[in-house]
Structures are given as structure tokens and as C-alpha cells.
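Here is what each chain is made of, one letter per residue.
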Amino acid sequence: PVYIVEVRPGVEIAIVPNHFTSQGSKGSGPRRKDQASRVAEIYKELRKDFKLVVVSGDLNEAPSGGNLDPLLKSTDLVDAMSLPQYSGLQGTYK
């Protein structure tokens, strides 16, 4: 699903929540790459109509793993945890 949230009059954010395949699933790497490719397509379509688009969720992969490249290399999306403003732990599974 895609959620459209009006944050103030005339300003909307499109939110694309995700939960990619677990790393423990058989064939999960290629499947996560396929999922990332599809989400990248959805993101690019949404950007035609929305200035603000958030792709979020449990992507079950470190950005350096390669399977998220369709999201991080073919769009202007960035990993929020790589921003200087982020001060938490990297990743969520410890």
C-alpha cells in the first residue's frame, strides 16, 4: 500500500511501507533485489505527483549488501541511518 498524509494544508507526503524477505529465507537475496526494484519503480512513479516520498520499513539488508542497489543507486533515496543527523545504532538487529 501507499499512504498519502497531509502534513499541513497543501503539503502531502507519500509513504511506502515495506517488509522485505527475511535473510533466512531460501533465495532471499535475489528476492529482496526484485522487491527493491519494484519499490524503486513505485517511488519513481510517485515522485511525478509528490515532492515528498518516504520509503520505509524492514528491508532486511544492510545498504552495502547490494540487494538494495535498485533503491539506493537508481533513485535519489538515501539510507536515513547514513545521515549526519542520525545518532542511533546502525541497523536494528543486534
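Here, the structure is the one placed above.
The rules behind the values
- Residues numbered from 1 in each chain as written.
- Predicted model: local features only at pLDDT ≥ 70, side-chain atom pairs only at ≥ 80, totals over all residues.
- Heavy atoms only, no water.
- Helix = DSSP H or I, 4+ residues; strand = E, 2+ residues; numbered from the N terminus.
- Buried < 20%, exposed > 50% of the residue type's maximum accessible area, 1.4 Å probe, protein only.
- Contact = heavy atoms within 4.5 Å.
- Expected span 1.5 Å × (residues − 1).
- Arc of directions from axis to C-beta.
- Polar contact = N/O pair within 3.5 Å; in protein donor to acceptor, adjacent residues only side chain to side chain.
- Salt bridge = Lys/Arg side-chain N within 4 Å of Asp/Glu carboxyl O.

A few words on the overall build of the chain. Each helix and strand in the chain was counted, giving two helices and three strands. Reading the helices (α) and strands (β) of the chain from amino to carboxyl end gives β-β-α-β-α. The proportion of buried residues among the 94 residues of the chain is 30%. When contacts within the chain are restricted to residue pairs at least 6 apart in sequence, long-range pairs at least 24 apart make up 53% of them.

What follows covers helix α1 (residues 28–47). Counted at 1.5 Å a residue, the expected span for α1 with its 20 residues is 28 Å, and the 28 Å between its end C-alpha atoms agrees. Of the positions making up α1, those classed as buried are Ser28, Gly29, Arg32, Gln35, Ala36, Val39, Ala40, Tyr43 and Leu46. Down the axis of α1, the buried side of the element spans an arc of 145°, and every buried residue falls inside it. Opposite the buried face of α1, by more than 90 degrees, sit the exposed residues Pro30, Arg31 and Asp34. Those residues of α1 that are buried lie in contact with β2 (11–19), β3 (52–58) and α2 (69–72).

On to unusual backbone geometry. Its identity as a non-glycine residue notwithstanding, Asn60 has a phi of 55°, on the positive side. In this structure, Asn60 sits in the loop between β3 and α2.

Mapped onto the fold, Asn67 is located in the loop between β3 and α2. At a separation of 3.2 Å, a polar atom in the side chain of Asn67 contacts the side chain of Glu61. When residues no more than four places from it in sequence are discounted, the contact partners of Asn67 are Gly29, Arg32, Lys33, Ala36 and Glu61.

This paragraph deals with the environment of Leu72. With respect to the helices and strands, the residue Leu72 is situated in helix α2. Residue Leu72 is classed as partly exposed on the basis of its relative accessible area, which comes to 28%. Linking Leu72 and Asn60, residues 12 residues apart in sequence, is a C-alpha distance of 14 Å.

Now for the pattern of salt bridges. Per the counting criterion, the structure on display carries five salt bridges. A salt bridge links Arg38 to Glu41; its shortest N-O distance comes to 3.0 Å. Of the two residues, Arg38 and Glu41 both sit in helix α1, three residues apart, roughly one turn of that helix. Of the residues examined, Glu41 reaches a relative accessible area of 44% and is grouped as partly exposed. Measuring nitrogen to oxygen at the nearest pair gives 3.9 Å for the salt bridge that ties Asp69 to Lys73. Take Asp69: its relative accessible area is 23%, and that puts it in the partly exposed class.

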